[in-house]
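The primary structure of each chain is shown beneath.
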Amino acid sequence: MDLLADVRKDAPVPPSEEIDTTTYATVPVTGTTDTVVTDAVDSTALAAIPDPDHLHNFATYTGILNYHPPTGSDSTVTAGLEHFLVALDELKAKKRKKVRIAYFGDSMIEGDLITEDLRDSLQRLFGGQGVGFVPVTSVVAGFRTTITHTFSKDWKDYSYKQLPPASLPLGISGHTFVPGESSWIKYQSVKKRGLSKFEQVSLLYGPSSSGNISVNNKAYSLSGRQAVNRLSLHVDSANSKEVTIKWAGGSAAPLYGVCFEGDTGVYVDNYSFRGISGIELGKLSGKLLQQMQSEHPYDLIVLHYGANVLWKPELTDYSWYGNPMKKVLDSLRNDLPNASFLVISTADKSYKKSGNYVTAPGVTALLKVQHELAKGHGAAYWNLYAAMGGHNSMIRWVEGDTVLANKDYTHFNRQGAARVGALLYKAMMDEYKQLERQ
């Protein structure tokens, strides 16, 4: 059954932006698996989840569309947000302790933008105390308001843009940090709801045989052969607002970051990386992702990209993006089989043409590709472009009485990011309410 059929309403399509969506189903990303039920498979189960595109215009619908897995998928792959929503329900019923979201994105989410508001809203309803994953260093540490983060300048930062040696894995954030002789990191809590103290603190690091650190002047040794190892750090009540980690010598160990959580609740880990399109996620090793899922399991993987794909506003052929991203999603699905996936579309982006700002032609072209990626992989899809108002909405967000975006007509400001976080939370909760009614 489509649990949402009675409540979903398509947003009206202004005449100036009506799109013939009948052509979309015939223009899939090359290699995607069609989700149409065939006689060769057990159609009984699949038919219970109608194709959302038969009910809604994905180009204008502002809710979340949930696609069922491709035929022949492993039985652990569930439709759209199903696993995530069930996990939330189990958390609320106290049948599990934690639900985690890995939110991948570009500069749109730097400094915990969007994720800060989504996290706060989810934690208010489902519980949770803590900001989640924070890397060792960050170019936007001074901009982030959900934790105070300072560090020494002698950390070596390997990343998507400068890959580490073959002997070192690249961390899930796209960064691996190797300490210098006197490297240190300091994290301090902030006076915000759920963020005013540290409860459970853990360090995630790579293979190490004899590294040594001190945490608030207490000595720890790092050892572990896995791609991802976890060290739980004791934080007593006297030091619950500050964690200082210092390198204390030994064999240099690759560090990924520190996780700040409570005993129960929802946690949203912000994995922002400036200037990428999402294709770069293909550089993460399957072994690392699988080990990450063992040490720090995720129930939902969010992929939020687009700003750096629209670098040429009038380009409308995105096969160069869609084909590699299909392989990325194939790999992520394989390495994180029990997680739900949510593809968030590009936001509106304006460029100046004949003296006026207008929506770039590439926006609607990219929406089609991102929709097909979600549909072909049994993921959920949320059209941010439609949710923020559709055609020329970025102009209103930049030039309106309440300024919600920057003058580059691409990026949200903090207030606009909060609005997006609220829209995404509402879309998620609209889905969750349907589950509650069962």
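As shown above, the structure is provided for reference.
Residues numbered from 1 in each chain as written. Predicted model: local features only at pLDDT ≥ 70, side-chain atom pairs only at ≥ 80, totals over all residues. Heavy atoms only, no water.

**Remarks on the overall build of the protein chain**
Step number 1: The helix and strand inventory of the protein chain stands at 9 helices and 19 strands.
Step number 2: Counting only residues that meet the buried cut, the protein chain has 56% of its 438 residues in that class.
Step number 3: For the protein chain, the proportion of contacts with a sequence separation of at least 24, taken over those separated by at least 6, is 75%.
Step number 4: In the structure as shown, the protein chain presents an accessible area of about 18500 Å², 51% of it carried by carbon and sulfur atoms. (Helix = DSSP H or I, 4+ residues; strand = E, 2+ residues; numbered from the N terminus. Buried < 20%, exposed > 50% of the residue type's maximum accessible area, 1.4 Å probe, protein only. Contact = heavy atoms within 4.5 Å. Areas by Shrake-Rupley, 256 points an atom, 1.4 Å probe, with all protein chains shown as cover.)

**Let's talk about the pairing of strand E10 (residues 218-224)**
Along any regular strand, the residues point their side chains to alternate faces of the sheet.
Step number 1: Judged from the 6 bridges that link them, strand E9 (residues 208-215) and E10 form a sheet pairing that is antiparallel. Its bridge partner being in E10, isoleucine 213 is matched across the sheet by tyrosine 220. (Pairing = 2+ DSSP bridges.)

**Notes on helix H3 (residues 115-126)**
Step number 1: Across its 12 residues, H3 extends 16 Å between first and last C-alpha, which sits within 8% of the 16 Å expected from 1.5 Å per residue.
Step number 2: All buried positions along H3 are accounted for by Thr115, Glu116, Leu118, Arg119, Leu122, Gln123 and Phe126. Projected onto a plane normal to the axis of H3, the buried residues spread over an arc of 165° and lie on a single side.
Step number 3: Of the residues one or two after H3, glycine 127 is the one with positive phi, at around 90°. (Expected span 1.5 Å × (residues − 1). Arc of directions from axis to C-beta.)

**Describing the pairing of strand E6 (residues 175-178)**
Step number 1: Here E6 shows two buried faces, one formed by His175 and Phe177 and the other by Thr176 and Val178.
Step number 2: Examined bridge by bridge, strand E5 (residues 156-159) and E6 share 4 bridges and lie antiparallel to one another. Paired with serine 159 across the two strands is histidine 175, which belongs to E6.

**A few points about the environment of methionine 325**
Step number 1: By the secondary structure assignment, methionine 325 is in helix H5 (residues 319-335).
Step number 2: A relative accessible area of 3% places methionine 325 in the buried class.
Step number 3: In this structure the C-alpha to C-alpha distance between methionine 325 and leucine 281, which are 44 residues apart in sequence, comes to 8.8 Å.
Step number 4: Dropping the residues within four chain positions of it, methionine 325 is found in contact with Gly278, Ile279 and Leu373.

**Digging into the sheet that holds strand E12 (residues 242-250)**
Step number 1: Pairing within the open sheet is antiparallel, and its 5 strands lie in the order E4-E7-E12-E9-E10. Edge positions in the open sheet fall to strand E4 (148-151) and E10, since each of these has one partner strand only. Averaged over all neighbouring strand pairs, the angle between strand axes comes to 20°, with direction disregarded.
Step number 2: The sheet contact formed by E4 and strand E7 (residues 184-188) spans 4 bridges and is antiparallel. Pairing of threonine 148 across the sheet is with glutamine 188, part of E7. (Axes fitted to C-alpha atoms, helices over the stretch in contact; angles between N-to-C directions.)

**Quick notes on the nonpolar core**
Step number 1: Phe104, Ile172, Leu281 and Ile301 are the most contacted members of the largest nonpolar core, which has 51 residues in total.
Step number 2: Of all elements in the fold, only strand E2 (98-105), strand E13 (255-261), helix H4 (286-295), strand E15 (300-304), H5, strand E16 (340-344) and helix H6 (361-376) reach the threshold of two or more residues within this core.
Step number 3: Per-element accounting of this core gives the leading share, 7 residues, to H6.
Step number 4: If you count residues domain by domain, this core takes at least three from each of domain 1 (50-128 + 264-437) and domain 2 (134-263).
Step number 5: If near-sequence neighbours (up to four positions away) are discounted, leucine 281 is found in contact with Phe104, Tyr160, Leu303, Tyr305, Val328 and Leu332. (Core = buried A, V, L, I, M, F, W, Y, C linked by side-chain atoms within 4.5 Å. Domains from an automatic or database assignment.)

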